[in-house]
Amino acid sequence: MTSLTKKLALAAALAVAPFTVQADGHATLNYVLVSHAPDSDSWWNTIKNGIALAGEQVSVNVEYRNPPTGDIADMARIIEQAAASSPDGIITTLADFDVLSGPIRDAVDQGIDVIIMNTGTPEQAREVGALMYVGQPEYDAGLAAGIRAKGEGVTKFLCVNHAIQQPTVGERCRGYADGLGIELGDAMMDSGTDPAEIKNKVLAYLSANPDVDGILTLGPVSADPTIAALEENGMAGDIHFGTFDLGEEIVKAIKGEVINWGIDQQPFLQAYMPVVILANWDRYGVLPGNNINSGPGFVTKDGLAKVEEFAGEYR
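Worth saying up front: this structure is predicted, and the values here are computed from it rather than measured. (Residues numbered from 1 in each chain as written. Predicted model: local features only at pLDDT ≥ 70, side-chain atom pairs only at ≥ 80, totals over all residues. Heavy atoms only, no water.)

A word on the environment of Met-273
Okay, step 1: Within the secondary structure, Met-273 sits in helix α11 (residues 267-284).
Okay, step 2: Judged by its relative accessible area of 24%, Met-273 falls in the partly exposed class.
Okay, step 3: C-alpha separation for the pair Met-273 and Ile-198, spaced 75 residues apart in sequence, amounts to 33 Å.
Okay, step 4: Not counting residues within four places of it along the chain, the set of residues in contact with Met-273 comprises Val-134 and Ile-292. (Helix = DSSP H or I, 4+ residues; strand = E, 2+ residues; numbered from the N terminus. Buried < 20%, exposed > 50% of the residue type's maximum accessible area, 1.4 Å probe, protein only. Contact = heavy atoms within 4.5 Å.)

Considering the state of the cysteines
Okay, step 1: On inspection of all chains with the given rule, the structure shows one disulfide.
Okay, step 2: One disulfide in the model links Cys-159 with Cys-173; its S-S distance is 2.0 Å. A torsion of -65 degrees about the S-S bond marks the disulfide between Cys-159 and Cys-173 as left-handed. Here Cys-159 is found in strand β6 (residues 157-161), whereas its partner Cys-173 is found in helix α7 (residues 167-180), with 14 residues between them in sequence. Each member of the pair, Cys-159 as well as Cys-173, is classed as buried. (Disulfide = S-S within 2.5 Å.)

Let's talk about the nonpolar core
Okay, step 1: Counting residues in hydrophobic clusters, the biggest one holds 45 residues, and the most contacted among them are Phe-157, Tyr-176 and Val-202.
Okay, step 2: Those residues in contact with Val-202 that sit more than four places away from it in its chain are Leu-158, Val-160, Met-189, Thr-226 and Ala-229.
Okay, step 3: Core analysis: the second largest hydrophobic core is formed by 25 residues, Ala-54, Met-132, Val-276 and Ile-277 among them. (Core = buried A, V, L, I, M, F, W, Y, C linked by side-chain atoms within 4.5 Å.)

A word on the domain arrangement of the chain
Okay, step 1: Partitioning the chain into domains gives domain 1 (30-136 + 267-295) and domain 2 (138-264).
Okay, step 2: Each of domain 1 and domain 2 has a C-alpha centre, and these two points are 28 Å apart.
Okay, step 3: For domain 1, the biggest contributors to the area lost against domain 2 are Trp-43, Ala-95 and Gln-136; these three give 53% of the whole.
Okay, step 4: Counting every contact that joins domain 1 to domain 2 gives zero salt bridges.
Okay, step 5: Along the contact surface separating domain 1 from domain 2 lie one residue pair in polar contact (both at pLDDT 80 or more).
Okay, step 6: Of the residues belonging to the side of domain 1 that touches domain 2, the class tally is three nonpolar, nine polar and two charged. (Domains from an automatic or database assignment. Buried area = accessible area lost by both parts, 1.4 Å probe. Salt bridge = Lys/Arg side-chain N within 4 Å of Asp/Glu carboxyl O. Polar contact = N/O pair within 3.5 Å; in protein donor to acceptor, adjacent residues only side chain to side chain. Nonpolar A, V, L, I, M, F, W, Y, C, P; charged D, E, K, R; others polar.)

Here we look at the environment of Tyr-139
Okay, step 1: Its location among the elements puts Tyr-139 in helix α6 (residues 138-151).
Okay, step 2: Sequence-distant contacts of Tyr-139, defined by excluding residues within four places in its chain, comprise Glu-171, Arg-174, Gly-175 and Asp-178.

Quick notes on helix α3 (residues 72-84)
Okay, step 1: Here α3 contains 13 residues, and its C-alpha end-to-end distance of 18 Å stays within 8% of the 18 Å for a straight helix at 1.5 Å per residue.
Okay, step 2: For α3, every residue scored as buried is listed here: Ile-72, Met-75, Ala-76, Ile-78, Ile-79, Ala-82 and Ala-83. In an axial view of α3, the angular spread of the buried residues amounts to 160 degrees, which keeps them on one side of the axis. The exposed set on the far side of α3, more than 90 degrees from its buried face, consists of Gln-81 and Ala-84.
Okay, step 3: Summarising the contacts, the buried residues of α3 are in contact with β1 (30-34), β2 (61-65), β3 (89-92) and α4 (97-109).
Okay, step 4: Looking at where α3 begins, the residue whose side-chain oxygen comes 3.3 Å from the main-chain nitrogen of Ala-73 is Asp-71.
Okay, step 5: Directly beyond the C-terminal end of α3, a positive phi value near 55 degrees is found at Ser-86. (Expected span 1.5 Å × (residues − 1). Arc of directions from axis to C-beta.)

What to know about the pattern of salt bridges
Okay, step 1: A complete count under the given rule lists 16 salt bridges for this structure.
Okay, step 2: Between Arg-148 and Glu-152 there is a salt bridge; the shortest N-O distance is 3.2 Å.
Okay, step 3: Of the residues examined, Glu-152 reaches a relative accessible area of 37% and is grouped as partly exposed.
Okay, step 4: Here Glu-171 and Arg-174 are joined by a salt bridge, their closest N and O atoms 2.7 Å apart. Residue Glu-171 and its partner Arg-174 are both found in helix α7; the two are separated by three residues, about one turn of the helix.
Okay, step 5: Judged by relative accessible area, which is 31%, Arg-174 ranks as partly exposed.

Here we look at the sheet that holds strand β12 (residues 297-299)
Okay, step 1: Strand order in the open sheet made by the six strands is β7-β6-β8-β9-β10-β12, with mixed pairing throughout. Looking at strand neighbours, the two that pair on one side only are β7 (188-190) and β12, the edges of this open sheet. Between one strand axis and the next, the sheet turns through 25 degrees on average, direction left out of account.
Okay, step 2: Of the strand pairs in this sheet, strand β10 (residues 261-264) and β12 are connected by three bridges, and their pairing is antiparallel. From the neighbouring strand, Asp-264 faces β12, where its bridge partner is Gly-297.
Okay, step 3: Strands in contact with α6 are β9 (240-244), β10 and β12; relative to β10, the strand with the most contacts, it is inclined by about 160 degrees.
Okay, step 4: In this fold α7 packs onto β6, β7, β8 (214-217), β9 and β10, with an angle of close to 170 degrees to the strand it touches most, β6. (Pairing = 2+ DSSP bridges. Axes fitted to C-alpha atoms, helices over the stretch in contact; angles between N-to-C directions.)

Description of the sheet that holds β2
Okay, step 1: Here we have six strands laid out as an open sheet, ordered β2-β1-β3-β4-β5-β11, and parallel in their pairing. Where the open sheet ends on each side, the last strands, each with one partner, are β2 and β11 (292-293).
Okay, step 2: Examined bridge by bridge, β3 and strand β4 (residues 113-117) share four bridges and lie parallel to one another. When the sheet's bridge partners are listed, Thr-92 is paired in β4 with Ile-116.

Structural data, given as structure tokens:
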């Protein structure tokens, strides 16, 4: 709220309506989180829980909005609509820079503080004028996964990418290949998001490439059908299997030694931290000096107790 534009907008608003003031003396703050996730992606329940808890703890209002089918053009319109409602801040993913950078810049130009979370890069966040980026550096996380997988014996792999339209997500596959010291080539599969289709594509790829000894999936959308594929072809537990993110089926598969490890980008922090940061910025003018890396962290069978307790809720 320190920008001249925002101060002028605030003065204009005060001329026609008084602040709503809370019991603690703070003006009520309103934020909107806009994600690229379709309604069907349960991984985002943790994001919803994160903003709800943060909103309760710092006494602000936070609304979650998303395109029901995951359509990025629809998401761009939602950002425009959110900006038109003049919230105190917008938290958003940057799933497609070409499509979303314009609406985000427009919001910033209106004097709305923006934080990019989950998808995008710190460089892209600076380019659109956002305050900061909160998320996992995708290439670095993939590189760490590849280095670990190489140490665990992987020599040829399949990377199942259910979000091929999001270039930053593909960086996980590229980092993984570099960590292994292998050319990515055709090892990154455009799997789509339909579970039956993903399962069939994985089965077909493994049948055509019997020397593949490692699989990387990029989240529950691709991991869950891949688990089903391996159970069907008898390879469950016999092929090295790493995945990004956590979810109920992933946790079960780690526990059952079908998945070797999951990479936790800690989505709770990706949602929780921006709300707290925006509230402190609006109220006190304090802001962390750097972007926040929420991950990666490896989750193995040995460290499942706390994860299993809160999987799908806060983990």
